[in-house]
Amino acid sequence: MHEDTTGTLRRDAVGLREVLFQSVTAMAPAAAVAASIPAGAAFAGGSLPLAVLVALVACLFTASCVAELARELPAAGSVATYAARGLHPAIGFLVGWGYVFVEMLVPPLLFLQLGFTAAGTLHEEWPSYPADLWWPWSLAGAGVIAVAGYLGVRASARFGTVLGVFEILVFLVFAVLLIGKAGDANTLSVFGTSHTANGYAGISGVFAGSVYTVLAFAGFEAAAPLAEETRDPRRTMHRAVLGAALGIGLFYVITTYAMTVYFGPDRFAKFGASGAASWDGVARASFGLFWVLVFLAVVNSTIANANACANVSTRTAFALARVRVLPRLLAALHPRHRSPVAGIALQSLVAVGAVLGLGFGYDPVTAFLLLATVIVTVVVGVYIVVNLACAGYFLRAGRAAVKPVRHLLFPVLGVAAFVPALLTAAGLPVFDFVTELTAPVSYAGPIVGAWMAAGAVVLVVLIRRHPERIAETARVHLDTYDTAGPRQNGTVPR
């Protein structure tokens, strides 16, 4: 019997709840609260809640741009399609080339975190467990994500929803407990500039803290690559992207406020990701076995984030392979589950290879930092391009389609918000709070440069031999089946 291993992804497989949590879990809320956001405390100190609020507003500008484009251009290619339609197909190809690369690196990043977090915690509780026996946990995580992806978007998205609900509930409950125990120490002064760290007085400390906090929002766009598998994608994608950015942003504000007032605003500059002055440390010292739930929520967050980003990488690779700018094999679909099985196999090989190669070549924490720097540098660059693409797309659509605030002002503000984050992630000491990267983490820049240079070579070859394939990166394939009329072929209704 002939099996259909080509064609379209499964239509109408998931709805708003699943794609909302696709973006939510891609932001890794528990891991961000426990490990990423505290990096801003060294600058913002007890004013970190204000820094988080500033970062939320800044990120909503870009989230609005992504949401607008997701509504107009529902495509598995997502950011690549947006850049192709808003700027130029060649730029769309390069965006897709970079985005697939880094999204394939996100799962191994998280499997490394899963490994050293689990091993370190077990060693702390039971010293007989070797602290360096991290890799079985990483490989177990890779196996779980491979199976979830193979079973199709419905299974993986529902799996992500369950994981996302758990991690959010644990930290919200913990936040309520912290606020309750803080009692009279609760104060709105943490939303001012009076508690910033020494050497970063006033608004400068808040700005520095917000730059580091902005990086915790990465992933809000992760719903977009599921457009072709989602019911009512134009409406659903718009709501999911904005809802995830706003909802998790408020979650960050609430949880950061709770820990700040409990721990003490004037000594919060010493708060970090580990030790007694951390979420885990506070939970262990003051809330008994509640630390176990915090630990499980962080572990859960790594699995959920890996699951979401595996969906992103395989769908984006599928979209680019479908138009033959990547190997056609990556467009192969499972005949029953309609999952991009070749992409999932490649994703799994990359994950295992990166985890074991970098984890043993250096150590899991160093490997984590190297991958994180590569990923954040490219993703923030993609956000800047997408902001520009939003303005370009609607300007091309005609004056009647342009909403000056949403389509012109927000893109400019979005670029302004992410340029400092890009410089910080790359370790370029333009600001005095940016730490220059050291080897091997400093290799991230050359790695990104080499990959994008390779993409430029591929682009030149394709333009010379198959220019029609580059043009196809701008195509919205869902329009082939769209009978709605006004938006057919991706045009904006006039």
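Everything quoted here is computed from the prediction, not taken from an experiment. (Residues numbered from 1 in each chain as written. Predicted model: local features only at pLDDT ≥ 70, side-chain atom pairs only at ≥ 80, totals over all residues. Heavy atoms only, no water.)

As for the overall build of the protein chain
Part 1: In terms of helices and strands, the protein chain carries 17 helices and 0 strands.
Part 2: The C-alpha atoms of the protein chain give 22 Å as radius of gyration, which agrees with the globular expectation for 494 residues (23 Å, within 12%).
Part 3: The C-alpha extent of the protein chain, read off along each of the three principal axes, is 60 × 55 × 40 Å.
Part 4: Taken across its 494 residues, the protein chain has 59% of its residues classed as buried.
Part 5: For the protein chain, restricting intrachain contacts to residue pairs at least 6 apart in sequence, the fraction spanning at least 24 positions comes to 81%.
Part 6: Distance between charge centres in the protein chain, computed from 31 positive and 25 negative side chains, equals 10 Å. (Helix = DSSP H or I, 4+ residues; strand = E, 2+ residues; numbered from the N terminus. Rg over C-alpha atoms; globule rule 2.2 N^0.38 Å. Buried < 20%, exposed > 50% of the residue type's maximum accessible area, 1.4 Å probe, protein only. Contact = heavy atoms within 4.5 Å. Lys, Arg positive; Asp, Glu negative; His and termini not counted. Charge placed at Lys NZ, Arg CZ, Asp CG, Glu CD.)

Considering the UniProt feature "domain: Amino acid permease/ SLC12A" (unreviewed entry) in the protein chain
Part 1: UniProt annotation of "domain: Amino acid permease/ SLC12A" (unreviewed entry) refers to residues 19-435 when read in the numbering used here.
Part 2: With 71% helix and 0% strand, residues 19-435 has end C-alpha atoms that lie 36 Å from one another. (UniProt positions renumbered as here; feature names shortened; annotations may be inferred.)

Comments concerning the environment of leucine 87
Part 1: Locating leucine 87 in the fold gives a position in the loop between helix H5 (79-86) and helix H6 (89-125).
Part 2: Separated by 299 residues in the primary sequence, leucine 87 and valine 386 have C-alpha atoms spaced 9.1 Å apart.
Part 3: With residues near it in sequence (within four places) discarded, leucine 87 still touches Tyr82, Val385, Leu388, Ala389 and Arg396.

A short note on the packing of H6 against helix H14 (residues 364-397)
Part 1: At a closest axis distance of 8 Å, the pairing of H6 and H14 adopts a crossing angle of 150°. Taken together, the axis directions place H6 and H14 in an arrangement best described as roughly antiparallel. Two packed elements cross with a definite hand, and for H6 against H14 that hand is left-handed.
Part 2: Residue classes in the contact of H6 with H14 are distributed as 23 nonpolar, 2 polar and 1 charged. (Axes fitted to C-alpha atoms, helices over the stretch in contact; angles between N-to-C directions. Parallel < 35°, antiparallel > 145°, perpendicular 65-115°, else oblique. Left-handed = near helix turned anticlockwise from the far one by under 90°. Nonpolar A, V, L, I, M, F, W, Y, C, P; charged D, E, K, R; others polar.)

Comments concerning the environment of threonine 213
Part 1: Here threonine 213 is to be found in helix H9 (residues 203-214).
Part 2: Taking the C-alpha atoms as reference, threonine 213 lies 7.6 Å from alanine 39; in sequence the two are 174 residues apart.
Part 3: When residues no more than four places from it in sequence are discounted, the contact partners of threonine 213 are Ile37, Leu48, Val52 and Ala55.

Overview of a nonpolar patch on the surface
Part 1: A surface patch of nonpolar side chains, amounting to about 260 Å² of accessible area, comprises Val147, Tyr150 and Leu151.
Part 2: Inspection of the secondary structure puts valine 147 in helix H7 (residues 135-150). (Patch = residues over 30% accessible without salt bridge, like charges linked within 9 Å, V, L, I, M, F, W, Y side chains within 5 Å. Areas by Shrake-Rupley, 256 points an atom, 1.4 Å probe, with all protein chains shown as cover. Salt bridge = Lys/Arg side-chain N within 4 Å of Asp/Glu carboxyl O.)

Digging into H7
Part 1: Taking 1.5 Å per residue as the helical rise, H7 with its 16 residues ought to reach 22 Å, and the 23 Å between its terminal C-alpha atoms agrees with that figure.
Part 2: Among the residues of H7, those classed as buried are Ser138, Gly141, Ala142, Ile145, Ala148 and Gly149. Mapping the buried residues of H7 onto a view down its axis gives an arc of 130°, with all of them on the same face.
Part 3: Where the residues of H7 are buried, they touch H6, helix H8 (153-182), helix H12 (290-322) and helix H13 (341-361).
Part 4: Just beyond H7, the residue with positive phi is glycine 152, at close to 105°. (Expected span 1.5 Å × (residues − 1). Arc of directions from axis to C-beta.)

Regarding the state of the cysteines
Part 1: Under the defined criterion, the tally for this structure stands at 0 disulfides.
Part 2: For cysteine 59, which is in no disulfide, the shortest distance to another cysteine sulfur is to cysteine 65 and amounts to 12 Å.
Part 3: The cysteine cysteine 65 is free of any disulfide, with cysteine 390 supplying the nearest cysteine sulfur at 3.9 Å.
Part 4: Taking relative accessible area as the criterion, cysteine 65 reaches 0% and is therefore assigned buried. (Disulfide = S-S within 2.5 Å.)

Digging into the nonpolar core
Part 1: Counting residues in each nonpolar core, the largest one holds 128 residues, and the members touching the most others are Leu69, Tyr82, Phe171, Phe174, Tyr252, Phe271 and Trp279.
Part 2: Here this core takes 18 residues from H14, the largest share from any one element. (Core = buried A, V, L, I, M, F, W, Y, C linked by side-chain atoms within 4.5 Å.)

So, the pattern of salt bridges
Part 1: Per the counting criterion, the structure on display carries 10 salt bridges.
Part 2: One salt bridge in this structure joins glutamate 68 and arginine 406, with 3.5 Å as the shortest N-O distance. Of this pair, glutamate 68 sits in helix H4 (residues 48-72) while arginine 406 sits in helix H15 (residues 404-425), placing them 338 residues apart in sequence.
Part 3: Its relative accessible area of 2% is what places glutamate 68 among the buried residues.
Part 4: Aspartate 280 is the partner of arginine 284 in a salt bridge, and the nearest nitrogen-oxygen pair spans 2.9 Å. Note that arginine 284 and aspartate 280 are positioned in helix H11 (residues 279-286) at a spacing of 4 residues, about one turn of the helix.
Part 5: According to the relative accessible area criterion, aspartate 280 is partly exposed, its value standing at 27%.
Part 6: Counted as one network, the salt bridges with shared partners bring together Glu124, Glu125, Asp280 and Arg284.

Describing unusual backbone geometry
Part 1: For the bond running from alanine 439 to proline 440, omega is 0°, close enough to zero to count as cis.
Part 2: As for its placement among the helices and strands, proline 440 is situated in the loop between H15 and helix H16 (444-465).
Part 3: Phi angles above zero are rare outside glycine, and serine 78 is one such case at about 40°.
Part 4: With respect to the element layout, serine 78 can be found in the loop between H4 and H5.
Part 5: Overall, the relative accessible area of 1% leaves serine 78 in the buried class.
Part 6: Unusually for a residue other than glycine, arginine 324 sits at a positive phi of about 65°.
Part 7: Structurally, arginine 324 can be placed in the loop between H12 and H13.
Part 8: Using a relative accessible area of 41% as the deciding quantity, one classes arginine 324 as partly exposed.

A short note on the confidence of the model for the protein chain
For residues with low pLDDT, the predicted coordinates do not support detailed interpretation.
Part 1: Of the residues in the protein chain, 96% reach a pLDDT of 70 or more, and the chain-wide mean stands at 91.
Part 2: Every residue in residues 1-5 is under pLDDT 50, and counting partners more than four places away or in other chains gives 9 contacts.
Part 3: Contacts of residues 483-494 to residues separated by more than four positions or lying in other chains number 27 contacts, the stretch itself having pLDDT below 50. (pLDDT = per-residue confidence, 0-100.)

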